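Chain by chain, the residues:
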Amino acid sequence: MSAALEHAAQLEQHIVISIESTVDPNRLLERLKSIVGVSGVFRRSLNEFDVNFDGTASALSAALEREGFIIRELSSTMIKI
């Protein structure tokens, strides 16, 4: 199987969330853990989290918006709030 097909077949995505505003990192951590589809949250640095998510970055950003977070930038592997 080619690398592209193998990547497409994986449901779980690794997404980086970067905080560029006055968001409380502890509040974000708790909210991330409660979102359906999040299988792991790891703090990369003071203002960055690595998230394992069964879905796309777009779907995760929509879930974060429902939790009251403002999305400032979105790509296939990173969300900035």
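Not measured: the values here are computed from a predicted model.

Here we come to the nonpolar core. Looking at soluble globular proteins, one finds that nonpolar side chains tend to be buried together. By size, the foremost hydrophobic cluster in this structure holds 21 residues, and its most contacted members are Ile17, Leu28, Leu32, Leu60, Leu64, Ile79 and Ile81. Contributing elements (two or more residues each) for this core: β1 (12–18), α2 (25–34), β2 (38–45), β3 (48–54) and α3 (57–66). With four residues, α3 is the largest single contributor of residues to this core. With sequence-adjacent residues up to four places away left out, leucine 32 is seen in contact with Ile17, Val38, Val41, Phe49, Val51, Leu60 and Leu64.

This prediction gives the chain a mean pLDDT of 89; 88% of its residues lie at or above 70. Averaged over each element, pLDDT in the chain is lowest for helix α1 (residues 3–9) (61) and highest for strand β5 (residues 78–80) (97).

This next bit is on the pairing of β3. Across the seven residues of β3, six count as buried, placing the element largely inside the fold. With seven bridges joining them, β1 and β3 adopt antiparallel strand pairing. Bridging across to β3, valine 16 finds its partner in aspartate 50. Taken together, the six bridges between β2 and β3 define a ladder with antiparallel strand orientation.

This part is about the side chain of serine 61. In this structure, serine 61 sits in helix α3. A residue is classified by how much of its surface remains accessible, and serine 61, at 6% relative accessible area, is buried. Not counting residues within four places of it along the chain, the set of residues in contact with serine 61 comprises Ile71, Leu74 and Ile79.

Right, let's get into the sheet that holds β2. Spatial strand order, β2-β3-β1-β5-β4: five strands in an open sheet with mixed pairing. Two strands bound the open sheet, and with one partner strand each, they are β2 and β4 (73–74). Across the sheet, α2 is in contact with β1, β2 and β3; its angle to β2 comes to roughly 160°.

The subject of this paragraph is the pattern of salt bridges. Oppositely charged side chains can form a pair if their charged atoms are brought close together. In total, this model carries five salt bridges according to the counting rule given. A salt bridge links glutamate 20 to lysine 80; its shortest N-O distance comes to 3.7 Å. Of this pair, glutamate 20 sits in the loop between β1 and α2 while lysine 80 sits in strand β5; the two residues are 60 residues apart in sequence, bridging distant segments of the chain. When salt bridges that share partners are traced, they join Glu20, Glu73 and Lys80 into one network.

Rules of the game
- Residues numbered from 1 in each chain as written.
- Predicted model: local features only at pLDDT ≥ 70, side-chain atom pairs only at ≥ 80, totals over all residues.
- Heavy atoms only, no water.
- Core = buried A, V, L, I, M, F, W, Y, C linked by side-chain atoms within 4.5 Å.
- Buried < 20%, exposed > 50% of the residue type's maximum accessible area, 1.4 Å probe, protein only.
- Helix = DSSP H or I, 4+ residues; strand = E, 2+ residues; numbered from the N terminus.
- Contact = heavy atoms within 4.5 Å.
- pLDDT = per-residue confidence, 0-100.
- Pairing = 2+ DSSP bridges.
- Axes fitted to C-alpha atoms, helices over the stretch in contact; angles between N-to-C directions.
- Salt bridge = Lys/Arg side-chain N within 4 Å of Asp/Glu carboxyl O.

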